[in-house]
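Chain by chain, the residues run as shown.
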Amino acid sequence: MVIDTSMVYSFHSDLDRAEHLLQLIKDFREFAAERIPAEIEEERPSWKAAKSLHESAADVRTDLPVLAGSILLYICGRFEFFVRELVAAIGDELASSADKYESLPDGMRTELLARTIEIVKTPHKFNHTPATAAQLLIALSDSLRAPEEASTVIIESSVLTITDANMGQKVLSDIFKRVNINSIWPEIGKQASMKLIIGTASDGDCTKQAQQRLEKMMQDRNGIAHPTSNTTFPDPDQVLTSTAFLRALSSTLVELARIPR
């Protein structure tokens, strides 16, 4: 299957940005913990800006995990967007290779109908208006009534990507089923890149631990998005571990999407 890889490059570029910011947090924390060198202390005018920053850093040093938590929120949301892009691209590719609407996988046709109806029933829940939801229904109707001699099948692939929950391990599995990719997690567990990140040679252990990592990330994301007095913010190194995991997972998903089915 032909899949445009620019989406994964774009996602990885955003992960790079997040990693640079996380490293800056670590560097700033180390800077705040240092004492001003005696030779610079004697020449305060030449170090005025740095000295002022150093004084401020001491006050906020213990609050830096809040920034790391904000970056975790960002990368989780960005991962969800990447998955939706990928699933939509797979849907478009399946449609472009079908000679008629009935040639699409049964599960995909079922999902297109069910998700379109869901949007029409509650458009605002899915960032639609009644008018744009009606257009989706019209587009689906046109596809269903397309003549036999039609050369292409047109679908609104974004319909296949809607979810009302975070991209945890079960949601990830469900959304790929919509485009005829079943049992995505066992396939993920077989990949060498994921085994290297997880640190196991076992397919089953890799699958299980990868699922647990993604689930934990999304739980942490929810805790940060809806903080309470007991909310714990992650250390920058924890978030850096998450960016490395998402980099490997996203590359794996693209490779699995390319396999003919």
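Below is a summary of the structure that appears in this document. Owing to the predicted nature of the structure, the values given are computational and were not obtained by experimental measurement. (Residues numbered from 1 in each chain as written. Predicted model: local features only at pLDDT ≥ 70, side-chain atom pairs only at ≥ 80, totals over all residues. Heavy atoms only, no water.)

**Quick word on the environment of Ser229**
Then, number 1: Mapped onto the elements, Ser229 comes out in the loop between α10 (203-225) and α11 (236-258).
Then, number 2: With 154 residues separating them along the chain, Ser229 and Ile75 place their C-alpha atoms 24 Å apart. (Helix = DSSP H or I, 4+ residues; strand = E, 2+ residues; numbered from the N terminus.)

**Some details on the nonpolar core**
Then, number 1: Judged by nonpolar contacts, the single largest core of 60 residues is most densely connected at Phe79, Phe82, Val83, Leu86, Phe176, Leu246 and Leu253.
Then, number 2: Contributing elements (two or more residues each) for this core: α1 (6-33), α4 (64-96), α5 (106-121), α7 (169-177), α8 (184-189), α9 (192-198), α10 and α11.
Then, number 3: No other element matches α4, which puts 15 residues into this core.
Then, number 4: Apart from residues no more than four positions distant in its own chain, Val83 is found in contact with Met167, Leu172, Ile175, Phe176 and Leu253.
Then, number 5: Grouped together as the second largest cluster of nonpolar side chains are six residues, Ile119, Leu136, Val159 and Ile162 included. (Core = buried A, V, L, I, M, F, W, Y, C linked by side-chain atoms within 4.5 Å. Buried < 20%, exposed > 50% of the residue type's maximum accessible area, 1.4 Å probe, protein only. Contact = heavy atoms within 4.5 Å.)

**Comments concerning the environment of Ile259**
Then, number 1: Residue position: Ile259 is located in the segment after α11.
Then, number 2: Its relative accessible area of 38% is what places Ile259 among the partly exposed residues.
Then, number 3: When the C-alpha positions of Ile259 and Val2 are compared, they lie 8.9 Å apart, and in sequence the two are 257 residues distant.

**Considering the packing of aromatic side chains**
Then, number 1: Tallied over the full model, the rule gives four aromatic pairs.
Then, number 2: Ring geometry for Phe11 and Phe82: centres 5.2 Å apart, planes at 10°, overall stacked. One end of the pair, Phe11, is in helix α1; the other, Phe82, is in helix α4, with 71 residues separating them in the sequence. We note that Phe11, like Phe82, is buried.
Then, number 3: Between the aromatic rings of Phe28 and Phe31, the centroid separation amounts to 6.4 Å while the plane-to-plane angle is 35°, which identifies the pairing as tilted. Of this pair, Phe28 and Phe31 are both found in helix α1, three residues apart, which corresponds to roughly one turn of the helix.
Then, number 4: The exposure class of Phe31 is partly exposed, given its relative accessible area of 23%.
Then, number 5: Taken together, the ring pairs in this structure connect Phe11, Phe79 and Phe82 into an aromatic cluster. (Phe/Tyr/Trp six-rings, centres within 6.5 Å; stacked < 30°, edge-to-face > 60°.)

**Topic: the side chain of Arg221**
Then, number 1: On the secondary structure map, Arg221 appears in helix α10.
Then, number 2: The exposure class assigned to Arg221 is buried, which follows from its relative accessible area of 15%.
Then, number 3: Beyond its immediate chain neighbours, meaning those up to four positions away, Arg221 contacts Leu72, Leu73, Cys76, Gly77, Glu80 and Asn166.

**Quick word on the packing of α5 against helix α6 (residues 130-144)**
Then, number 1: Viewed as axis vectors pointing N to C, α5 and α6 meet at an angle of 155°, and their least axial separation amounts to 8 Å. In terms of their interaxial angle, α5 and α6 are classed as roughly antiparallel. Handedness of the α5/α6 crossing: left-handed. From α5, Leu112, Leu113, Thr116, Ile119 and Val120 reach across to α6, where they touch Ala133, Leu136, Leu137 and Leu140.
Then, number 2: Across the contact of α5 with α6, the residue classes break down as eight nonpolar, one polar and no charged. (Axes fitted to C-alpha atoms, helices over the stretch in contact; angles between N-to-C directions. Parallel < 35°, antiparallel > 145°, perpendicular 65-115°, else oblique. Left-handed = near helix turned anticlockwise from the far one by under 90°. Nonpolar A, V, L, I, M, F, W, Y, C, P; charged D, E, K, R; others polar.)

**Quick word on the packing of α4 against α10**
Then, number 1: Orientation of α4 relative to α10, taken along the N-to-C sense of each, is 125°, at an axis distance of 9 Å. In terms of axis orientation, α4 runs oblique to α10. You can see that α4 and α10 cross each other, and the crossing is left-handed. Note on element contacts: α10 touches α4 through Leu214, Met217, Met218, Asp220, Arg221, Ile224 and Ala225, opposite Gly69, Leu72, Leu73, Cys76, Gly77, Phe79 and Glu80.
Then, number 2: The class makeup of the residues in the contact of α4 with α10 is nine nonpolar, two polar and three charged.

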